[in-house]
Amino acid sequence: MKVILPILVHAFETDFGGVVSNTRYLEYLERGRYHLLHEAGLPVEETWANEGAMAVVRRVEADYLNFARHEERLELSTWASEWSGASVIVSHEIVRPKDGVVILRARQTIAFMNRSWRPTRVPKSYRDSLGASPV
């Protein structure tokens, strides 16, 4: 499963030169991850209540390949690319659609914690709904 979100860069997301701050890209990734989970029928609070498992970001790897500027339109693609044991890899790509330039590629390692805040296996609902491949 892949979701695509449009992003319009706002002035408050940029530096004095009108270039998107590198920290804003992390916020974009979180938007993509939440949208992916909701589209897969896995709202965070509901999964916590029903399955006793909380998905938490353990690691982020980001390759900043280009830059975006104030008022540019971007597209964020987000998908779960793989899972194993107690984690899922969520992949992201941000593209400027007007010229096809890739702005950023990133991967989030999502770990799962139980109600005692101990690592737990990826819930079956995540494995079934996200369409990622086991490693």
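Our subject in this report is the structure included herewith. Values in this document were obtained by computation on a predicted structure and should not be read as measured data.

On to the nonpolar core. Ranked by size, the top nonpolar core spans 20 residues in total, and within it Val88, Phe112, Tyr126 and Leu130 carry the most contacts. Those elements that place two or more of their residues in this core are helix 1 (22–39), helix 2 (44–51), strand 2 (54–64), strand 3 (73–84), strand 4 (87–96), strand 5 (101–113) and helix 3 (124–130). One finds Val9, Val20, Tyr25 and Leu29 within the second-largest nonpolar core, a separate group that totals 14 residues.

With that settled, the discussion passes to helix 2. Residues of helix 2 that are buried include every one of Val44, Thr47 and Trp48, and no others. Down the axis of helix 2, the buried side of the element spans an arc of 100°, and every buried residue falls inside it. For helix 2, the exposed residues set more than 90 degrees away from the buried face come down to Glu45, Ala49 and Asn50. Next to the buried residues of helix 2 lie helix 1, strand 2, strand 5 and helix 3. In the stretch just after helix 2, glycine 52 is the one whose phi turns positive, near 70°.

A separate point is the packing of aromatic side chains. Across all of its chains, the model carries four aromatic pairs by this definition. Consider the rings of tryptophan 48 and tryptophan 117, whose centres lie 5.3 Å apart with planes at 25°: the pair is stacked. Pair noted here: tryptophan 48 is in helix 2 and tryptophan 117 is in the loop between strand 5 and helix 3, with a separation of 69 residues, a long-range link. Each member of the aromatic cluster is reached from another via a ring pair, and the members are Tyr25, Tyr28 and Tyr64. Lysine 2 extends its terminal NZ or CZ atom over the ring of tryptophan 79, reaching a point 4.6 Å from the ring centre. When the ring centre of tryptophan 83 is taken as origin, the NZ or CZ atom of arginine 127, which lies over that ring, is 5.3 Å away.

For the structure shown, the criterion picks out 10 salt bridges. A salt bridge links glutamate 27 to arginine 24; its shortest N-O distance comes to 2.9 Å. Highlighted residues: glutamate 27 and arginine 24, both in helix 1, separated by three residues, approximately one helical turn. Across the salt bridge formed by glutamate 93 and arginine 105, the nearest N and O atoms sit 2.7 Å from each other. Taken together, the residues glutamate 93 in strand 4 and arginine 105 in strand 5 connect sequence positions 12 residues apart. Take arginine 105: its relative accessible area is 42%, and that puts it in the partly exposed class. Counted as one network, the salt bridges with shared partners bring together Glu72, Arg96, Lys98 and Asp99.

This part covers unusual backbone geometry. A positive phi is found at glutamate 71, a non-glycine position, where the angle reads about 70°. By the element assignment, glutamate 71 lies in the loop between strand 2 and strand 3.

Criteria and cut-off values
Residues numbered from 1 in each chain as written. Predicted model: local features only at pLDDT ≥ 70, side-chain atom pairs only at ≥ 80, totals over all residues. Heavy atoms only, no water. Core = buried A, V, L, I, M, F, W, Y, C linked by side-chain atoms within 4.5 Å. Buried < 20%, exposed > 50% of the residue type's maximum accessible area, 1.4 Å probe, protein only. Helix = DSSP H or I, 4+ residues; strand = E, 2+ residues; numbered from the N terminus. Arc of directions from axis to C-beta. Contact = heavy atoms within 4.5 Å. Phe/Tyr/Trp six-rings, centres within 6.5 Å; stacked < 30°, edge-to-face > 60°. Lys NZ or Arg CZ within 6 Å of the ring centre and 35° of its normal. Salt bridge = Lys/Arg side-chain N within 4 Å of Asp/Glu carboxyl O.

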